[in-house]
Amino acid sequence: MVLVDNHAAKDGAEDGTLVDFRGNPVDKSRTGGWLAAGLILGTELSERICVMGISMNLVTYLVGDLHLPASKSANIVTNFMGTLNLLGLLGGFLADAKLGRYLTVAIFASIAALGVTLLTLATSIRSMKPPECDSRKGHCIAASSQQLALLYTALYTLALGGGGIKSNVSGFGSDQFDPSDPKENKSMIYFFNRFYFCISLGSLFAVTVLVYLQDNVGRGWGYGISAGTMVLGVAVLIGGTTFYRFKKPQGSPLTIIWRVLFLAWRKRKLSYPSDPAFLNEYHNAEVPHTHMLRCLDKAAIIDDSATANENSKNRWIVSTVTEVEEVKMVLKLIPIWSTCILFWTVYSQMNTFTIEQATFMNRNVGNFAIPAGSFSFFLFISILLFTSVNERVTVRIARRLTHNVQGLTSLQRVGIGLVLSVAGMVASALVERLRRDRAIHDNFKIRAFWLVPQFFIVGAGEAFAYVGQLEFFIREAPEGMKSMSTGLFLSTLSMGYFVSSLLVSLVTKATKRSWLKSNLNKGKLDLFYWLLAVLGVINFLVFIVFSMRHQYKVKHLSSLEDSKEELKDWKDLTLSNKEKKLGAEEKEEA
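Residues numbered from 1 in each chain as written. Predicted model: local features only at pLDDT ≥ 70, side-chain atom pairs only at ≥ 80, totals over all residues. Heavy atoms only, no water.

To keep things clear, this is the line we draw: UniProt positions are given in the numbering used here, feature names are shortened, and annotations may be inferred rather than shown by experiment.
Where an unreviewed UniProt entry is consulted, the protein chain appears under the name Protein NRT1/ PTR FAMILY 6.4-like, with the organism given as Nicotiana sylvestris. Its UniProt record gives the protein chain a comment under Subcellular location (unreviewed entry), which states: "Membrane".

1. As for the overall build of the protein chain
Heads up, the rule is: Runs of H or I in DSSP of at least four residues are treated as helices and runs of E of at least two as strands, each being numbered from the N terminus. Each residue's exposure class comes from its accessible area (1.4 Å probe, protein chains only) as a fraction of the maximum for that residue type: buried when under 20%, exposed when over 50%, partly exposed otherwise. Every residue pair with non-hydrogen atoms within 4.5 Å of one another is taken to be in contact. Residue-level accessible areas treat just the shown protein chains as cover; the underlying method is Shrake-Rupley with a 1.4 Å probe.
Looking only at helices and strands, the protein chain has 21 helices and four strands in total. Out of the 590 residues in the protein chain, the part that is buried amounts to 52%. Contacts in the protein chain between residues at least 24 apart in sequence constitute 81% of all its contacts with a sequence separation of at least 6. Here the protein chain has roughly 27,200 Å² of accessible surface; of this, 61% comes from carbon and sulfur atoms.

2. So, the packing of helix α2 (residues 33-55) against helix α6 (residues 145-166)
Note the threshold: Axis definition: a line fitted to C-alpha atoms, limited for helices to the stretch in contact. Angles are taken between N-to-C directions and run from 0 to 180 degrees. Put simply, a crossing is left-handed when the front helix is turned counterclockwise from the back one by less than a right angle, and right-handed when it is turned clockwise. For this classification, Asp, Glu, Lys and Arg are treated as charged, while Ala, Val, Leu, Ile, Met, Phe, Trp, Tyr, Cys and Pro are nonpolar and the rest, including Gly, are polar.
With their axes 11 Å apart at the nearest point, α2 and α6 run at an angle of 145° to one another. Taken as a pair, α2 and α6 cross one another with a handedness that is left-handed. Only Leu 155, Leu 158, Gly 162, Ile 165 and Lys 166 of α6 make contact with α2, whose side of the interface consists of Thr 43, Glu 44, Glu 47, Arg 48 and Ile 54. A breakdown of the residues in the contact of α2 with α6 according to their chemical character gives four nonpolar, two polar and four charged.

3. A few points about helix α19 (residues 525-549)
As a reminder of what qualifies: Here, expected helix span is obtained from the residue count minus one, scaled by 1.5 Å.
Compared with an ideal rise of 1.5 Å per residue, which puts 25 residues at 36 Å, α19 spans 37 Å between its outermost C-alpha atoms and is within 8% of the ideal. For α19, every residue scored as buried is listed here: Leu 525, Asp 526, Phe 528, Tyr 529, Leu 532, Ala 533, Gly 536, Asn 539, Phe 543 and Ser 547.

4. So, empty space enclosed by the protein
For the record, the criterion: A pocket, in this scheme, is an open set of points on a 1 Å grid over the protein atoms alone with protein on both sides within 12 Å along at least 5 of 7 lines, while a cavity is a set where a 1.4 Å probe fits but cannot get out; residues line either one if an atom lies within 4 Å of a point. Grid points are joined across faces, edges and corners, and a volume is the space filled by probe spheres set on the points.
Summed over all chains, the structure comprises two cavities of 30 Å³ or more. In this structure, the second largest cavity spans a volume of roughly 30 Å³. Every residue lining the second largest cavity is listed: Tyr 61, Leu 66, Ala 122, Met 128, Gln 147, Leu 148 and Leu 151. Among the elements that take part in the lining of the second largest cavity, α6 stands out by supplying three residues, more than any other.

5. Details of the packing of aromatic side chains
The condition is simple: Centres within 6.5 Å are what make two rings of Phe, Tyr or Trp a pair, Trp counting through its six-membered ring; a difference in plane orientation under 30 degrees is then read as stacked, over 60 as edge-to-face, and the rest as tilted. Two conditions define a charge sitting above a ring: the NZ of Lys or the CZ of Arg must be within 6 Å of the ring centre, and it must be within 35 degrees of the ring normal.
Using the criterion set out here, one finds 21 aromatic pairs in the structure. Considering the side-chain rings of Phe 377 and Phe 378, the 5.6 Å spacing of their centres and the 80° angle between planes classify their relative orientation as edge-to-face. Three or more aromatic residues joined by ring pairs form one cluster here, namely Phe 343, Trp 344, Tyr 347, Tyr 466 and Phe 489. In this structure, Arg 268 is placed above the aromatic ring of Trp 265, and the distance from its NZ or CZ to the ring centre is 3.9 Å.

6. Side note on the nonpolar core
Rule in force here: Nonpolar cores are built from buried Ala, Val, Leu, Ile, Met, Phe, Trp, Tyr and Cys residues. Side-chain atoms within 4.5 Å join them into one set. Either an automatic procedure or a domain database provided the assignment from which the domain bounds are taken.
Residues Ile 54, Leu 62, Met 230, Tyr 244, Tyr 347, Phe 353 and Phe 528 are the most contacted members of the largest nonpolar core, which totals 120 residues. Counting contributing residues, this core receives three or more from each of domain 1 (21-251) and domain 3 (325-551). Beyond its immediate sequence surroundings of up to four residues, Phe 353 is in contact with Ala 70, Ser 71, Ala 74, Val 504, Leu 516, Leu 525, Phe 528 and Tyr 529. Counting 16 residues, the second largest nonpolar core, distinct from the first, contains Ile 256, Ile 257, Leu 263 and Leu 279.

Below you can see the structure in the form of structure tokens.
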């Protein structure tokens with residue numbers, strides 16, 4: 001087994017330079033390209049099969065086999081998915097700061113393989129499950145904490161591994177193409193299309209084949225195939241080591257953010273300088289100084305501890321104006337970030353309560369009973385369909401109406417996604433009310449295909465919201481913190497799942513378990529959906545206020561100090577200072 005010499009890579013490359021596994025400059029004829037990218041895509045395909053094959057059908061196992069309450073089961077799933085996305089920040093930090101993307105993906109993929117193997121054992125060992133329900137008394141014994149221990153260990157081991165893969169595999173894949181080479185740059189665009197295709201392909205396989213095996217053959221078989229797939233993915237990734245191109249870790253932007261906040265707090269009692277030009281490296285700043293969040297400027301104040309020449313270069317003693325302004329730009333994204341969370345709270349219902357709804361409905365097509373988890377198929381089909389429609393139809397129509405090359409701005413896309421999420425919850429509430437009424441009054445199970453509209457509406461919402469959020473964070477993030485964009489996006493998913501868990505807990509307590517019951521016929525799930533719809537409307541109104549106040553980065557720069565001329569002068573001054581600095585260095589060398 002060959003692993004990259006990470007220290008050699010560090011010694012053999014300047015920032016941004018790509019090297020081979022020995023640390024030497026890359027030979028394009030032997031490294032990178034589609035062969036290397038294809039092997040990396042195999043790892044993402046394996047991760048997607050594992051995560052989606054587990055999350056989309058886990059709630060039925062928790063309720064049906066472990067006899068846990070529906071509310072607790074939903075929270076276990078959403079906490080698992082929330083943790084997985086949150087740990088993406090850890091994986092991104094380790095890759096940027098120390099390990100590099102390859103080692104991070106290889107290590108965390110191995111951890112994911114261990115997690116799904118433990119899950120296979122947890123669902124196969126008989127002593128890990130409670131006895132079957134007494135059909136005569138209608139009494140069920142829920143799984144004990146000891147029986148759940150291995151399950152929790154397996155899930156959160158998988159969450160750790162999946163988070164590390166998710167935050168780095170797309171970036172590592174794109175490293176296999178040189179953007180300065182027109183041919184390879186074109187291939188890079190196709191890579192991201194195929195990356196999304198692999199995600200969708202893995203998800204569709206998981207919610208059809210694996211879910212069927214889990215429900216009809218056995219959980220151990222279904223999860224065992226996932227484990228084998230993940231082990232194979234790790235083997236393929238490591239086996240292709242000699243074909244990859246590696247980029248030197250350049251430090252995590254999270255370190256810069258923490259450092260600026262720390263210094264601003266430590267220097268909070270210092271007085272502002274009479275002129276911003278006295279701030280550290282003001283004239284050499286790559287980003288123009290602004291008066292927004294002025295309290296952070298104190299991180300760039302040159303105080304007594306930073307007067308010495310060697311201390312003025314120590315970033316833990318004084319920050320630069322560029323670093324402070326980049327942190328300001330990140331913090332400016334927080335209001336929009338906060339209003340994106342509720343969309344993923346709604347989305348999380350598609351693999352918890354909506355799947356539970358399907359178990360109480362008629363799922364037969366002839367003599368074949370469709371597994372409840374397989375109805376998520378319509379969610380992914382909707383996402384793929386509307387993603388294509390958006391680019392080929394919606395954007396073209398929007399260009400004619402707005403006369404904007406972009407068609408729809410990133411925030412307009414997010415807004416449409418939020419509206420569709422509200423519509424999805426309204427559809428869910430109406431269908432659940434119909435289902436419960438027919439089950440109680442007529443003793444009749446309606447067809448599970450009544451769930452298709454809510455899957456399609458929420459899927460359409462994701463096609464807008466996913467692209468809009470990712471585009472917003474990428475475009476609006478500072479140039480030096482582009483890797484933060486994926487972290488910010490993943491954190492909205494994570495918080496969405498955690499907010500779902502919080503809402504379920506609060507509603508269960510406030511209603512004394514009358515809304516969310518394991519037997520949905522005795523509960524009022526439709527009222528929970530209506531609650532989410534109302535919260536969605538309020539969230540959308542807040543989003544409108546924040547989006548109207550938000551200045552896109554390009555617009556902000558063009559209106560700085562209400563003067564385009566002043567911006568030009570600032571650029572000229574910066575260029576002049578850089579030329580002077582370069583001239584001084586040349587003289588010193590002479």
